[in-house]
Amino acid sequence: MMNSQAPTPGLDVLLQNARRRAGLTQEQLAGLSTVSVRAIRDLEQGRVQHPRKETLRLLAGAMRLSDARRIELELAVDAHSVGRVFQDSYGAELAAPPTPLRPLVGRRAELEALTARLSSGHERLLTLVGLPGVGKSRLAQEATLRIHAQDRVPVLWVAMDRPAGADPGAATHSPGATMTGWVRALVRDGEKYDELSGVIGSKPTLIVLDGHDASPAVGPAVLNLLRSCERLKILVTSRRPVQPPGGRLLPLAPLPVPLPAAPTGTTPGDSLVTDRPAVELMLSYVGHMRPDVLPTDSVTTTVAHICHALDGIPQALEAAASWLLLYSPEQLLDVARTTPLVLVDGVTPADSATGPTLGDQLGAVVTALNPHAAELLATLAALPEPWTVDRAARAAGTALAETARDVHALLLRGLIRQHPSEPGGPVGFTVLNLVRELLAAPDRREPAVEALAF
């Protein structure tokens, strides 16, 4: 079932608009299409609701409509037979990923790796997994836009974590939005995909199931769809590291953040920004919110420490930047060091219709851990950082192999991250600051205004 935010234009309105855009009178259209003037008049006045498909094809051809415009007319006649309508004209023009509003900052290596995997003939089911707000959807957008533009591959972007009718472009009633909504309903309801496989057939296609946490795991029906359409690939974004049969997990960590202290003998501002995309991203937010705050070495250093306290999670950084209309970067740093959770949802109250806030989502990831994983995470949070797997095993009192598996599981969930280490040295890890705060203060409902009352 697909809902929309405004009534869909009927065939009569669509046909009138198309004829006027073509600069034709009803008589001229009749002469070009061989459809009678009376039939055209009846269609435009709404007297005929279900014309023959051949009639629409003749009219569309006479008006030189694009495939998208022609399909729009056909959908106005029979919106329930989406698969039949798209059977002949399915392609890259009608299936494209949403266009992002901002450039992607950082993630160069991750983008190259994801694009390479999606372009190869070996990987057909990928799951991009990571914490809420870490940028899974944004990275998937960039990779699929590349593939769509370079290879002209149709991309069906299905937003699984939004309410019905809230998919990008849903309010436009475009053919692409209609087809995306149809695919989304199939996936959410667990229906058979016979009609969809008939549309895709042997054409190369990429389906993105964005925010698949809101739906059941990838099941047999999706796997059968992959088997039926041998050139189809599916990319899933998820907070849960569940690996479907034959699929591959790709963990996405937060953006790299600078260490609390700059290396000796370097200029603080330069060293903190170089190869530190979190600082670059946060400085862009500072520039948007407070153009009067110049990126001096002092400001850059303060911003770098804010990024470190908020773990380089892009959505958390953007939310924290919204407080700059009220407070200085130095004041925000004080809060980020003491009560960082009050910053992650921003100043503007969240609209309940958009779902849980970032803070709620982060808390849900922690509370969803099984008792064993939660106990280990609390143990790791108390260790001096960075710690190694050996040190974690000794602290937890468990075998090294068992601890390694548990640490790996926490890494996939994004709750811990690798710590920069010397070449050839042991790999160290740290627990995210926000995660440590959630463990220490499960009730994170402290009023943000009180926390920011300096």
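Given the structure is predicted, the values throughout are model-derived calculations rather than measurements.

All right, on to the overall build of the protein chain then. A tally of helices and strands in the protein chain yields 22 helices and seven strands. Scored against the burial criterion, the 454 residues of the protein chain give a buried share of 48%. Once local pairs closer than 6 in sequence are excluded, the contacts in the protein chain between residues at least 24 apart make up 72%.

A few words on the pattern of salt bridges. All told, the structure shown has 10 salt bridges when counted by the stated rule. Residues Arg146 and Glu112 are paired through a salt bridge, measuring 3.1 Å at the closest nitrogen-oxygen approach. Placement of the pair is Arg146 in helix 8 (residues 136–151) and Glu112 in helix 7 (residues 108–119), with a sequence separation of 34 residues. In this structure Glu112 comes out as partly exposed when scored by relative accessible area, which is 40%. Three or more residues joined by partner-sharing salt bridges are found here, namely Arg117, Glu123 and Arg248.

Taken N-terminus to C-terminus, the directions of helix 13 (residues 277–289) and helix 15 (residues 314–321) make an angle of 30°; their axes are 9 Å apart at the nearest point. The pairing of helix 13 with helix 15 is recorded here as roughly parallel in orientation. The hand of the helix 13/helix 15 crossing is right-handed. Residues Ala278, Leu281, Met282, Tyr285 and Met289 of helix 13 lie in contact with helix 15, whose contacting residues are Pro314, Leu317, Glu318, Ala320 and Ala321.

The geometry of helix 17 (residues 358–367) relative to helix 21 (residues 433–440) is characterised by a closest axis approach of 10 Å and an angle of 70° between their N-to-C directions. For the element pair helix 17 / helix 21, the angle class is roughly perpendicular. Within the contact between the two elements, helix 17 uses Leu362, Gly363 and Val366 and helix 21 uses Leu434, Val435, Leu438 and Leu439. Across the contact of helix 17 with helix 21, the residue classes tally to six nonpolar, one polar and no charged.

For the rest of this paragraph, the subject is empty space enclosed by the protein. On inspection of all chains with the given rule, the structure shows three cavities of 30 Å³ or more. Of the pockets and cavities examined, the largest cavity occupies roughly 50 Å³. If you trace the largest cavity, you find it lined by Val183, Val187, Tyr193, Leu196, Ile207, Leu209, Val222, Leu225 and Ile234. Only helix 9 (175–189), strand 3 (205–210) and helix 11 (220–228) provide two or more residues apiece to the lining of the largest cavity. Residue composition of the lining of the largest cavity, grouped by class: nine nonpolar, no polar and no charged.

Applying the stated rule across the entire model yields one aromatic pair. Judged by centre distance (5.6 Å) and plane angle (35°), the ring pair of Trp387 and Phe429 falls under tilted. Separated by 42 residues along the polypeptide, Trp387 in the loop between helix 18 (371–381) and helix 19 (389–396) and Phe429 in strand 7 (residues 428–431) bring together distant segments of the chain.

What follows is about the side chain of Thr205. Summarising the element assignment, Thr205 is placed in strand 3. Residue classification places Thr205 among the buried residues on the basis of a relative accessible area of 2%. Look past the residues within four positions of Thr205 in its chain and what remains in contact with it is Tyr90, Val153, Pro154, Leu156, Ile200, Arg231, Leu232 and Lys233.

Looking now at the sheet that holds strand 5 (residues 248–251). Ordered in space as 2-3-4-1-5, the five strands form an open sheet in which the pairing is parallel. The open sheet is flanked by strand 2 (155–159) and strand 5, the only strands paired with a single partner. Taking the axes of each pair of neighbouring strands and ignoring which way they run, one obtains an average angle of 20° across the sheet. Note: strand 1 (residues 125–129) against strand 5, four bridges, orientation parallel.

Along its 16 residues, helix 8 runs 22 Å from first to last C-alpha, staying within 8% of the 22 Å computed at 1.5 Å per residue. Every buried residue of helix 8 is listed here: Lys136, Arg138, Leu139, Ala140, Gln141, Ala143, Thr144, Ile147 and His148. In the core, the buried residues of helix 8 are packed alongside helix 7, strand 1, strand 2, strand 3 and strand 4 (232–238). Arg152 sits one or two residues past helix 8 and shows a positive phi near 55°.

Attention shifts here to the pairing of strand 1. Most of strand 1 sits out of view: five of its five residues are buried. Here strand 1 shows a buried face lined by Leu125, Thr127 and Val129 and a second buried face lined by Leu126 and Leu128. With five bridges connecting them, strand 1 and strand 4 associate as parallel partners. Each residue of the ladder has a partner; that of Thr127, found in strand 4, is Val236.

This part takes up the side chain of Gln141. Positionally, Gln141 belongs in helix 8. Given a relative accessible area of 13%, Gln141 falls into the buried group. Ignoring sequence-local partners within four residues, the contact set of Gln141 consists of Pro98, Pro100 and Trp157.

In this section: the confidence of the model for the protein chain. Summing up the model confidence of the protein chain, the mean pLDDT is 81 and the portion of residues at 70 or higher is 81%. Predicted confidence for residues 262–270 stays below pLDDT 50, and this span has nine contacts to residues more than four positions away or in other chains.

Cut-offs applied
- Residues numbered from 1 in each chain as written.
- Predicted model: local features only at pLDDT ≥ 70, side-chain atom pairs only at ≥ 80, totals over all residues.
- Heavy atoms only, no water.
- Helix = DSSP H or I, 4+ residues; strand = E, 2+ residues; numbered from the N terminus.
- Buried < 20%, exposed > 50% of the residue type's maximum accessible area, 1.4 Å probe, protein only.
- Contact = heavy atoms within 4.5 Å.
- Salt bridge = Lys/Arg side-chain N within 4 Å of Asp/Glu carboxyl O.
- Axes fitted to C-alpha atoms, helices over the stretch in contact; angles between N-to-C directions.
- Parallel < 35°, antiparallel > 145°, perpendicular 65-115°, else oblique.
- Left-handed = near helix turned anticlockwise from the far one by under 90°.
- Nonpolar A, V, L, I, M, F, W, Y, C, P; charged D, E, K, R; others polar.
- 1 Å grid on protein atoms, 1.4 Å probe; cavity = no way out; pocket = protein on both sides within 12 Å on 5 of 7 lines; lining within 4 Å.
- Points joined across faces, edges and corners; volume = space filled by probe spheres on them.
- Phe/Tyr/Trp six-rings, centres within 6.5 Å; stacked < 30°, edge-to-face > 60°.
- Pairing = 2+ DSSP bridges.
- Expected span 1.5 Å × (residues − 1).
- pLDDT = per-residue confidence, 0-100.

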